[in-house]
Amino acid sequence: MQPPLDPGRIEGFHAHVYYDPETRPAAERLREAIGAGFKVQLGRWHDKPVGPHPVSMYQVAFAVPEFPRLVPWLMLNREALSILVHPLTGNDYDDHAHHALWLGPPLALRLDQL
């Protein structure tokens, strides 16, 4: 058995908001509300799969202290969109594959791209 990992090694978080052409208006509303209400860095729109992400998405980067504010808000206001939240520990594969949490239905990530 591995020793427990220290949460102090988490340097921040990413939330990946997934959408398709039909749900893009909901993703736009969500993005606007996130940007207005939280201390985050909003990433570019990716209207095609990129990296391990199998469908269109945008990234929201945020610091550790913002987690308890943003993630519960996303739980209640995600408008049925799937969102992947993962820590930044320096190990992209483990962060996406093993340390992530899903809000809404999970998607099959293309982990071979990491």
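Relevant structure appears above.
These numbers were taken from a predicted model, which means no experiment stands behind them.

Enquirer: It is not clear to me how the packing of aromatic side chains should be interpreted in this structure. Could you clarify?
Expert: Scanning the entire structure with this criterion turns up 7 aromatic pairs. Seen from their ring centres, Phe-13 and Phe-62 are 5.6 Å apart, and the 20 degrees between their planes marks the pair as stacked. Pair noted here: Phe-13 is in strand S1 (residues 13-18) and Phe-62 is in strand S3 (residues 57-62), with a separation of 49 residues, a long-range link. Using a relative accessible area of 9% as the deciding quantity, one classes Phe-13 as buried. Judged by centre distance (4.8 Å) and plane angle (65 degrees), the rings of Trp-45 and Tyr-58 are edge-to-face. Here the residue Trp-45 occupies a position in strand S2 (residues 40-46), and Tyr-58 occupies one in strand S3, the gap between them amounting to 13 residues. Of the residues examined, Tyr-58 reaches a relative accessible area of 0% and is grouped as buried. Pairwise contacts between aromatic rings join Phe-13, Phe-62 and Phe-67 into one cluster. Above the face of the Trp-45 ring, Arg-24 is positioned so that its terminal group lies 3.9 Å from the ring centre. One cation-aromatic arrangement involves Arg-31 over Tyr-58; the distance from NZ or CZ to the ring centre is 4.9 Å.

Enquirer: Looking at this structure, I do not really get the environment of Pro-7. What am I missing?
Expert: Looking at the secondary structure, you find Pro-7 in the segment before S1. The exposure class assigned to Pro-7 is exposed, which follows from its relative accessible area of 58%. Each C-alpha atom, one on Pro-7 and one on Thr-89, is 8.9 Å from the other, the two residues being 82 residues apart in sequence.

Enquirer: What exactly am I supposed to notice about helix H2 (residues 67-77) here?
Expert: An α-helix turns once every 3.6 residues. As a result, residues three or four positions apart point the same way. For H2, the full list of buried residues reads Leu-70, Val-71 and Leu-74. The arc that holds the buried residues of H2, viewed along the axis, is 90 degrees, so those residues lie on one side. When the buried face of H2 is taken as reference, the exposed residues oriented beyond 90 degrees from it are Pro-68 and Leu-76. Among the residues trailing H2, Glu-79 stands out with phi positive, at a value near 50 degrees.

Conventions and cut-offs
Residues numbered from 1 in each chain as written. Predicted model: local features only at pLDDT ≥ 70, side-chain atom pairs only at ≥ 80, totals over all residues. Heavy atoms only, no water. Phe/Tyr/Trp six-rings, centres within 6.5 Å; stacked < 30°, edge-to-face > 60°. Helix = DSSP H or I, 4+ residues; strand = E, 2+ residues; numbered from the N terminus. Buried < 20%, exposed > 50% of the residue type's maximum accessible area, 1.4 Å probe, protein only. Lys NZ or Arg CZ within 6 Å of the ring centre and 35° of its normal. Arc of directions from axis to C-beta.

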